[in-house]
Every structure is written in structure tokens, then in C-alpha cells.
Amino acid sequence: MTPPLTLLYRDDHLVAVHKPAGLLVHRTALAHGEREFLLQQLRDQIGQRVYPVHRLDRPTSGVMVFALSPEVATPLVAAFSARRVAKRYLAVVRGVGPEQARLDYALREEDGRRPKAEMPALAAITEVRRLDSVELPVNVDRYPQARYSLMEARPMTGRRHQIRRHLSRRGYPIIGDAKHGKSNHNRFFKEQLGCPHLLLAAVGLVFDHPVDGRPLRLTCGLEPTMASLLERFGWAGHLPVNQARFEASTVDPAPTP
């Protein structure tokens, strides 16, 4: 039996939930043979229709917001599209990531319908910050030690796979990323550290409530495998917790690139 989803916040207008890694949000043309979807699970769990207003990649875990009516979905979709939502992610990457950096690399869309080279390059900006790092006495690559970092990422734009592609391009691929990462490091984490999934989690959202206008801050804890890894590496002080609270001031929009 599928365990119930963790609800982070719920009122008469919207609901926020922790999306597990590996779960598709809804049915797509690529969902061959899949029977479990977040949208249907949430609908069945709370007993009413829900309307997605943003997206998370299938392998990414973390906080997702759904509207409970089309009237609420419209302003929420507009807020995400206009970059009036502050987003925070945690990622475990190979190497000692930059202490702080603004990754400004245009990205071509990846929709699967046309070759990526034919797609237009779109502006994409991600602000990253190294929260911690560790050096392990293991030979995973060509060096006698292996170094990894816990990175905070705040995307200013919303391109597909933006954080994964930006960190990989900068030389710090996310562990568990089968498409943009490094297979030897992914294999080491899977076989030796019990982490078979992408180590990228959406841990925070801040946006103005679409009905009463108050800024709502949502934070989301990590899945057990990623949380255990942070504790193992001595990074427990960076573990987020499930929390929802209203803020005093309005949300600042993300800067236009």
C-alpha cells in the first residue's frame, strides 16, 4: 500500500505537499506503464480535485503547491511565471563548490520533440552557495580522495533541469543525476552510501497567498536517504524541517535577467 503523502500546508484555497523522489506529478506522453502519479494520489487522499501550478522533475523531491480551484490556480500560475515566487533547493554535488556564485548560462529547452540544437537558447540564472563540504578517503575518480559539497541553489528563472544543468556546466554535477552527472560518483553513492536517487530537493517556497495576499513561507524536510547522508557527512545542522508560516512583508520578485 502506498504511504500517504506528507501535507505541509492546507487551507480552503491551496494545499502544499512533499513530493517523493521518482514520482511523476501527472500523466504525460512519457509515462509509459506508470500507474502512480502525485496529482491522483493527492486528490484521492484529500478527497477533492487539485490543480498543479508549477512543476518538479520526476527525480527531484520536495515541496509542491496545488490550487484547490481554477480561480486560485490562475493567480498562482501567474506568480510562478512572473518569478514572484522565491525558491530554495539543496543539492549534493561532486567537488568543493563555489562559496557563492551567480550562474548565468543560457539554456536550450529540452522538450523531447525536437533536437536540442534546434531549440532557442533562453536566459537562465541560478544563485548558488556552498553550505558545507567533506573529503572522503576513497578513490572514486582519478584522485585518492573524493570531495563533495552541500549546495544551496536559488533559481531566478525556471528552465527545465536548470539547476542540474547549471551546476554540471560549472563542474559540480549533482550526485544521482543520470543525464548530467558522473556515473562513477553516482555508482559510489548508490552502492556504498545507500543513495540511489538524485540528491536534489526543493526545500523552500515563499509566495504571496493568492486570496489574502499574505506572504506564505513553506519549508520541506528531506527524504530519509538524503537526510541520513547529511547526518553521516556532518551536515545535520543544514537539515530543513516541515514548516508553514506567514511572513510580515511581501515577496520580492526575482530579478529579470
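Here's what I pulled together on the structure shown here. (Residues numbered from 1 in each chain as written. Predicted model: local features only at pLDDT ≥ 70, side-chain atom pairs only at ≥ 80, totals over all residues. Heavy atoms only, no water.)

Regarding its fold elements, the protein chain presents five helices and 13 strands. Against the compact-globule benchmark of 18 Å for 257 residues, the protein chain has a radius of gyration of 18 Å, which places it among compact chains. Across its three principal directions, the C-alpha atoms of the protein chain cover 55 × 45 × 45 Å. In the protein chain, which comprises 257 residues, the proportion classed as buried is 48%. The long-range share in the protein chain, meaning contacts at least 24 apart out of those at least 6 apart in sequence, stands at 65%. Of the roughly 13,100 Å² of accessible surface on the protein chain, a fraction of 47% belongs to carbon and sulfur atoms. Of the side chains in the protein chain, 37 bear a positive and 26 a negative charge, and the two mean positions are spaced by 5 Å. (Helix = DSSP H or I, 4+ residues; strand = E, 2+ residues; numbered from the N terminus. Rg over C-alpha atoms; globule rule 2.2 N^0.38 Å. Buried < 20%, exposed > 50% of the residue type's maximum accessible area, 1.4 Å probe, protein only. Contact = heavy atoms within 4.5 Å. Areas by Shrake-Rupley, 256 points an atom, 1.4 Å probe, with all protein chains shown as cover. Lys, Arg positive; Asp, Glu negative; His and termini not counted. Charge placed at Lys NZ, Arg CZ, Asp CG, Glu CD.)

Our focus in this paragraph is the pattern of salt bridges. For side chains bearing opposite charge, pairing can occur when the charged atoms are close. For the coordinates displayed, the defined rule picks out twelve salt bridges. Across the pair Asp 44 and Arg 43 runs a salt bridge whose closest N-O atoms are separated by 3.1 Å. Residue classification places Arg 43 among the partly exposed residues on the basis of a relative accessible area of 33%. With a shortest N-O distance of 2.7 Å, Arg 147 and Glu 135 are connected by a salt bridge. A residue pair is termed long-range when its members are at least 10 positions apart, and Arg 147 in strand S10 (residues 146-155) and Glu 135 in strand S9 (residues 125-136) qualify at twelve residues. (Salt bridge = Lys/Arg side-chain N within 4 Å of Asp/Glu carboxyl O.)

Within soluble globular proteins, side chains that are nonpolar generally end up buried alongside one another. Counting 48 residues, the largest nonpolar core has Phe 66 and Phe 207 as the members making the most contacts within it. Counting residues in each nonpolar core, the second largest holds 24 residues, with Phe 188, Ala 201, Met 226 and Leu 229 among its members. (Core = buried A, V, L, I, M, F, W, Y, C linked by side-chain atoms within 4.5 Å.)

Tallying each qualifying case throughout the model produces two cavities of 30 Å³ or more. Each pocket or cavity is described by its volume, and for the largest cavity that value is around 40 Å³. Looking at the largest cavity, the residues that line it are Ala 21, Ser 61, His 197, Leu 198, Leu 199, Glu 223, Thr 225 and Met 226. Here the lining of the largest cavity is built from residues that sort into four nonpolar, three polar and one charged. The volume enclosed by the second largest cavity comes to roughly 30 Å³. Taken together, His 54, Leu 56, Val 63, Lys 87, Tyr 89, Ala 202, Gly 204 and Leu 205 form the lining of the second largest cavity. Counting residues per element, the ones that place at least two in the lining of the second largest cavity are strand S5 (86-94) and strand S11 (200-208). Residue contributions to the lining of the second largest cavity peak at three residues, all from S11. Of the residues assigned to the lining of the second largest cavity, the class counts are five nonpolar, two polar and one charged. (1 Å grid on protein atoms, 1.4 Å probe; cavity = no way out; pocket = protein on both sides within 12 Å on 5 of 7 lines; lining within 4 Å. Points joined across faces, edges and corners; volume = space filled by probe spheres on them. Nonpolar A, V, L, I, M, F, W, Y, C, P; charged D, E, K, R; others polar.)

Interpretation in functional terms is not warranted from these geometric data alone.
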